[in-house]
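Results of the structural survey
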Amino acid sequence: MNNKKISKNSGVFEPLLFSMKYLGRKRSTIYLIIVAAIITTATRLYVPVVIGSIVNSIQERNFSVLSYFVELILILAVVSAIATFIVNFGAQYASQHYAYNLRKKVVNSLTKKDVSFFHGSTSGDLLSRTTMDIDATRNFLMNTLSQLIPTIMMIIFGFVYMLYLNYVFALFFISTIPFLIYIGMVFQRKQRMHWRQIRELYGEMNERLQEDIAGQRTVRTYSLENSQIGRFQDVTGSYYGEYMDVAYLRGFYNNIMPFIISVAATGVIIYGGYESVITGVEVGNLVAAVNIFNLITFPVSFLGRLIVFSENARAGIGRINTILSTDHDEDLVSTGTFPDSNGIQFHDVSVIKGNREILKNVNMNIEPGSFVCITGETGTGKSTLVNLITVLEKCTSGYVSVGGVDVRNIPLETLRKNVAIVPQEINILSGTIADNIRFGRSGIGDEMVIRAAKIARIDDFVSGLPGKYETLIGERGITLSGGQKQRLAIARAVVTEPSILILDDVTSSVDPETELKIFKEIGKNIENITVVLVSLRYSAMKYSEERYILKDSTIMELDEIESMNLFSSGEGQ
Amino acid sequence: MKDDYEKEEEKFINTLGATASLKRLIKDVAKERKSFATVVIAVVTTATALAFYPLAIGYAVNSMANRDMYGVIFYGLVFLLLYLIQMIANRFRVIHTTKISQLAVKGLRDRSFTSIHSVPISFFTVVKSGFLISRITNDAETIGDFLTFQIPQVISGFSAVILSIVIMLYLDPTLTLYALIILPVLSIFTLSLQGKVRENYLKTRKTIAAITGNLAENINSIRSIKAFNVETYVNSKFDSLNTENLDANIRASRLSSAYGAVIRVLEFIGISIVIYEGVIELQIGLITIGTLVSFIFYVQEFFDPVTQLSQLYNAYQSSIVGAGRIYGIIDSPKEIIPEGSVPVDTFETALELRNVTFSYGEDTALNDVNLTISNKEKVGIVGHTGAGKTTLSNLMLKLYLPEKGEILLDTNDTRNILTSRYRDIIIPVLQEPFLFRGTLYENIRIAKKDASNEEIEKLALEFGLERIFSRLPDGLNTDAGELGRNLSEGQKQAIAILRAIIRAPQVLIMDEPTSNIDPFSEKDIFASLEKFSENRTLILITHRFSMISLVDRIVVVDQGKIIENGDFETLMKKKGMFYSMYNIVNANDNWSV
Ligand SMILES: Nc1ncnc2c1ncn2[C@@H]1O[C@H](COP(=O)(O)OP(=O)(O)O)[C@@H](O)[C@H]1O
Ligand SMILES: Nc1ncnc2c1ncn2[C@@H]1O[C@H](COP(=O)(O)OP(=O)(O)O)[C@@H](O)[C@H]1O
Ligand SMILES: [Mg+2]
Ligand SMILES: [Mg+2]
């Protein structure tokens, strides 16, 4: 709500207001930049005035003051140079710190979001928000500080010096300003949609590429190459079209600004020339004025670019704000310890997703230290059910407790340290096998890594690799087969010796023989561990101490015979 | 370590060198002849206008000094005219440079996208998606900016400088020399910093690339990060990359800002020299006051192009590196389509693997495999994880080519068969089901463009999958989400199965198609599949021994070799690996207590 308001009122300066929030202590740099910008433009534009005086003295054939003027120019040069340095470096300094702070904040916000936040957006989109969009706002801030502020100062000082030189010149000068502002505004309005579109299409291009590369095997085996290429070309085609639309606008508005200034400069030449011809007054002031016009032309034409940057930044801000908002933050309680008992209880748990009641009044009591299997048809909500235990998903009503304590009253950090879940979707990070087993957690020695790998029965495979545990995997390493990935994920979960372990159908690509060995190793190595297994396999059910089936949104306990019957007709020979 | 992989990628895709890339880029840009010519004319016109306006001012000043009002008006209007010409020429320049450069960029993107569809699949094991995506989007964008904004500005600036020098020489050669004294100093100063500038610049690029890579990985792995509660670690790792990037940028900008300051001093020194010498010449009547004024304006004009040039250098570097990489992708060796590929239409007798050996890297994944599958035969493939089952199917799908040995379809080496035709005959259900964004209907329709919703529904019903989809919020109209994330694993598999079935191929290869599907639904699939495959060839990789009765023959793979091959009874009698695997799963006997 608040953001919308800002964007309406502040227009082109919205990115500026936005960035102020993330400048932190570097905000004072901006004052310094403004002071330096005043000094640098005052000195820079004073040089034409000095040159004008030189021309005047030449016309008066007074050559004695010349060396004084030249010295003055050199002094102005040094002062102006120092101030320029401050403006340019200050602008970079502030904008880089801004980007640093904002990135940090965005990543922090991202990791605070609950899982449902990530359902709504593609990773390509989130990535472009955290990189491209932040960069667009940084770029605008940088250019505002290093270009816009000095340009505004130039216009102010240009006017002041003109007044000093000849008030009619000043009139010519000031009369251009409304035109420049008006044109700038029109230009901005006309471009806005196009830049939004360009950013959208760029994101789309990214997503298409990512999808196409990830699905390359499907694309090829189903001979979809041409249709994929055609769709990609549609996107690049629209992208090109938008750029051309912008080019037509730029081609007009970007050039009309310097032209307006030159019209005024021509006015100065003719009016000043007339004055000089009539009264015989020296032309120095006129030369100074024309020179000032000339020096201002380039910065003013740059204003057009700045408007483009502002548009880019504004498009980006909306997208960044959705990440920064606290919607979807995981609510965290900060105190509390993990209960002594590792039994799990479901109390009248219901979950509604969309318009469907996935779970309905589920009650279940999992004994401490037991090995429990949950089965059920595809899409009945098994993953949803187990995700409730570590609050990766939330109950619509009812609650889940561990050792009698409502999981929402246990700090997430404590909860997730003690309850390890191996999600169905396995993420391998680029890094070594050992890195992937440690997965960023500290205090895990090499022996622990190897022990975990042995439990997950992947040690044999790893030991056979030339680099052993230091072999690179993931994006930049070797590819693992489906079952190898699953076993690696199991090792990742058991390495911290959790008191509860949840395996969400992560042995589906592991052959049953190995699977049972893994189950046995887990029980042997981690005392009193409670294991909740989601499985569709008869062998796994048979191994378990208790069995449940999820059906029609409710859970039922099965005895051995019932479980056997579930599978028996499918075992036909 | 990471660097090594980047180098490997670059080596692999054979990045073009700077000069070669530049030549090709120019050629690509010049393809739009008309626009290119327009740009050249516009640039020359702009430069000319730029070079002449100080002269106009000078003449106007002289007219004033001579009290010649007509001269003042005339040169004042010339001054305006020069700006008008510049404005018009600039309009053409902006439009047509955008046109040619954005077309060139589009071409680079389209061609590299096309190229990655005909490189061997093994390309993707070396060159990762992150690398490709940032080349095709990011690098291409850099090239676009360089061509659209930077290059034209600098070229017209420089043409103006050269023309200006010519005019200055015409006005007064001696004063020109004085005016130009500052140029070598400026150039030497600029050049001497280039090494350091480049180094700083590369550092900033590298650190920002590290940030992007890290973010991509974090976003993709967010579910595991949450599950394992490693947010703090993720944040602190990101922080250190973020800090490195900040430091690199601050260092780079310190140097470039100092450069800008020195340029400012040089500019004023240049003006002072001209004034000093100009006044001397003026006193002895060598030049007019107007000429001196023109010269002062000229010297000021020199500096913009030179400072722009130093910025251009960075942009040039990164664009040319980017272009080299993109050309590398475009030029990547394509899967060889032998001359006179055989366009087979049907499969008659048998698919045969003869002494097939294959490896992804160092270790052999398949070792001297021999296997004949006759038409309409149903073969099961079993084995432990990592045994090489998926690899075997990859080869039969022609996703990879065997290193040694050959694969024959009715005595034709598959190498020589037109791949698109081959893939009409043989269709897989891959081990990892892949879903595109879009509805499930659309995801199935990729296999058969004209399939109606009713046809899809009917098929789902027939295969007992409609129950699975009925649990989705909008049934088959549900949007799959990125990588099918809105679906449960089993639902994804069900889509992959339907997709293959609707294509009705002669040969169907299924790689653990039901691993995440419940046994109840599997029963239905099983029954329909049995009927469906009656007149087809079926190759079924599975751990589900309930599926085994679907096949006539079983092949056991272990460590890249076929170790057992025969029908169910034979293998059970043999008491080998199949027997021991099967017993674990199907220990029904000791189940009921
Ligand atoms: N955002 C959502 N809105 C509505 N339904 C959803 C949403 N996300 C998932 N589902 C559905 O919830 C059901 C339960 O999914 P899941 O727990 O993964 O099932 P399982 O693990 O038993 O296969 C599925 O039918 C799935 O399609
Ligand atoms: N793209 C790949 N690059 C490198 N190694 C691979 C690749 N795919 C599979 N492998 C390796 O080849 C071996 C056989 O894998 P695979 O055929 O997938 O086994 P499975 O029998 O489980 O299907 C494994 O050791 C695996 O790590
Ligand atoms: Mg699931
Ligand atoms: Mg496999």
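Conventions used here
Residues numbered from 1 in each chain as written. Chains lettered and ligands numbered in written order. Predicted model: local features only at pLDDT ≥ 70, side-chain atom pairs only at ≥ 80, totals over all residues. Heavy atoms only, no water. Helix = DSSP H or I, 4+ residues; strand = E, 2+ residues; numbered from the N terminus. Expected span 1.5 Å × (residues − 1). Buried < 20%, exposed > 50% of the residue type's maximum accessible area, 1.4 Å probe, protein only. Near = heavy atom within 4 Å. Polar contact = N/O pair within 3.5 Å; in protein donor to acceptor, adjacent residues only side chain to side chain. 1 Å grid on protein atoms, 1.4 Å probe; cavity = no way out; pocket = protein on both sides within 12 Å on 5 of 7 lines; lining within 4 Å. Sits in = over half its atoms within 2 Å of the grid points. Areas by Shrake-Rupley, 256 points an atom, 1.4 Å probe, with all protein chains shown as cover. Nonpolar A, V, L, I, M, F, W, Y, C, P; charged D, E, K, R; others polar. Domains from an automatic or database assignment. Pairing = 2+ DSSP bridges. Axes fitted to C-alpha atoms, helices over the stretch in contact; angles between N-to-C directions. Contact = heavy atoms within 4.5 Å. Donors = N, O, S within 2.8 Å, 3.2 Å for Na, K, Ca; no water. Parallel < 35°, antiparallel > 145°, perpendicular 65-115°, else oblique. Left-handed = near helix turned anticlockwise from the far one by under 90°. Core = buried A, V, L, I, M, F, W, Y, C linked by side-chain atoms within 4.5 Å. Buried area = accessible area lost by both parts, 1.4 Å probe. Salt bridge = Lys/Arg side-chain N within 4 Å of Asp/Glu carboxyl O.

Given a rise of 1.5 Å per residue, 14 residues ought to cover 20 Å, and the 20 Å separating the end C-alpha atoms of helix H17 (residues 512-525) of chain A matches this to within 8%. For H17 of chain A, the set of buried residues is Pro512, Glu513, Thr514, Glu515, Leu516, Ile518, Phe519, Glu521 and Ile522 of chain A.

All right, on to the site of ligand 1 then. In the vicinity of ligand 1 there are 18 residues, among which Gly379, Lys382, Ser383 and Thr384 of chain A together with Leu472 of chain B approach most closely. Near ligand 1, residues from chains A and B are present, making the site a shared one. For ligand 1, an oxygen atom lies 3.1 Å from a polar atom in the side chain of Gln491 of chain B. When each cavity is represented as a set of grid points, ligand 1 is found to reside in the second largest pocket. Of all the secondary structure elements, the ones that give two or more residues to the shell around ligand 1 are strand S2 (356-366) and helix H11 (382-387) of chain A.

Our next topic: the site of ligand 2. Near ligand 2 you find 15 residues, and of these Gly386, Gly388, Lys389, Thr390 and Thr391 of chain B are the closest. More than one chain lines the surroundings of ligand 2; the residues nearby belong to chains A and B. Within the backbone of Lys389 of chain B, a nitrogen or oxygen atom sits 2.8 Å from an oxygen atom of ligand 2. Protein contacts shield 86% of the accessible area of ligand 2, which totals 560 Å² for the unbound molecule. The element contributing the most residues to the shell around ligand 2 is helix H12 (residues 389-396) of chain B, with three residues. For the shell around ligand 2, the per-class residue count stands at four nonpolar, 10 polar and one charged.

This part covers the domain arrangement of chain B. By the assigned domains, chain B splits into domain 1 (1-171 + 319-335), domain 2 (173-286) and domain 3 (350-586). Summarising the inter-unit geometry, the C-alpha centres of domain 1 of chain B and domain 3 of chain B are found 51 Å apart.

The next point concerns the sheet that holds strand S12 (residues 554-558) of chain A. Two modes of strand pairing occur in sheets, parallel and antiparallel, and in both the strands are linked by backbone hydrogen bonds. Residues and elements named next belong to chain A. Judged by pairing direction, the sheet is mixed, and its six strands sit side by side in the order S6-S9-S10-S3-S11-S12 without closing on themselves. Looking along the sheet, the strands with just one partner apiece sit at the ends: strand S6 (419-422) and S12. Put simply, the sheet's adjacent strands are angled 20 degrees from each other on average, direction ignored. In this sheet, strand S10 (residues 530-534) lies alongside strand S9 (residues 500-504) in parallel orientation, the contact comprising five bridges. Directly across from Leu501, in S10, lies its bridge partner Val531. In the packing of helix H16 (residues 482-494) onto the sheet, the strands contacted are S6 and S9, and the crossing angle to S6 comes to about 170 degrees.

Moving on: the coordination of the magnesium ion (ligand 4). Note on metal sites: the ideal angle is 109.5 degrees for four tetrahedral donors, and 90 or 180 degrees for six octahedral donors. All names here are of chain B. For the magnesium ion (ligand 4), every protein donor is listed as Thr390 (OG1) and Gln431 (OE1), and the spread of their distances is 1.9 to 2.3 Å. Placement of Thr390 in helix H12 and of Gln431 in the loop between strand S6 (426-429) and helix H14 (440-445) is noted, with a sequence separation of 41 residues between them. Residue Thr390 is classed as partly exposed on the basis of its relative accessible area, which comes to 26%.

Another point: the packing of helix H4 (residues 66-112) of chain A against helix H10 (residues 231-283) of chain B. For the pair H4 of chain A and H10 of chain B, interaxial distance at closest approach is 8 Å and the crossing angle is 165 degrees. Comparing the axis directions of H4 of chain A and H10 of chain B gives the class roughly antiparallel. You can see that H4 of chain A and H10 of chain B cross each other, and the crossing is right-handed.

We now examine the packing of helix H7 (residues 167-214) of chain A against helix H9 (residues 225-279) of chain A. Packed helix pairs are characterised by how far apart their axes lie and by the angle those axes make with each other. Orientation of H7 of chain A relative to H9 of chain A, taken along the N-to-C sense of each, is 170 degrees, at an axis distance of 9 Å. Taken as axis vectors, H7 of chain A and H9 of chain A run roughly antiparallel relative to one another.

Core analysis: the largest hydrophobic core is formed by 147 residues, its most contacted members being Leu102 of chain A together with Ile275 of chain B. When residues of this core are assigned to their parent elements, the largest contribution, 20 residues, is made by helix H10 (residues 284-324) of chain A. Counting residues in each nonpolar core, the second largest holds 86 residues, with Phe371, Cys373, Ile426 and Ile433 of chain A among its members.

Let us look at helix H18 (residues 519-532) of chain B. Residue and element names in this part refer to chain B. Taking 1.5 Å of rise per residue, 14 residues should cover 20 Å, and H18 covers 19 Å from first to last C-alpha, within 8% of that figure. The complete set of buried residues in H18 reads Pro519, Phe520, Ser521, Glu522, Ile525, Phe526, Ser528, Leu529 and Phe532. N-capping of H18 is provided by Asp518, with a side-chain oxygen placed 2.8 Å from the backbone N of Ser521.

This brings us to the interface of chain B and chain A. With 176 residues of chain B at the contact, the number on the chain A side is 176 residues. The contact between chain B and chain A buries some 16300 Å² in all, and 64% of this surface belongs to carbon and sulfur atoms. Inspection of the chain B/chain A interface yields eight salt bridges. Of the charged contacts in the structure, one is a salt bridge between Glu211 of chain A and Arg437 of chain B, with a shortest N-O distance of 3.3 Å. Here the side of chain B that touches chain A takes 29 residues from H10 of chain B, the largest share from any one element.

A few words on the pairing of S9 of chain A. All names here are of chain A. Here S9 lies mainly inside the structure; five of its five residues are buried. Burial along S9 is two-sided: the face carrying Ile500, Ile502 and Asp504 and the face carrying Leu501 and Leu503 are both buried. Sheet analysis places S6 next to S9, joined by four bridges and oriented parallel. Bridge pairing links Ala420 to Leu501 in S9.

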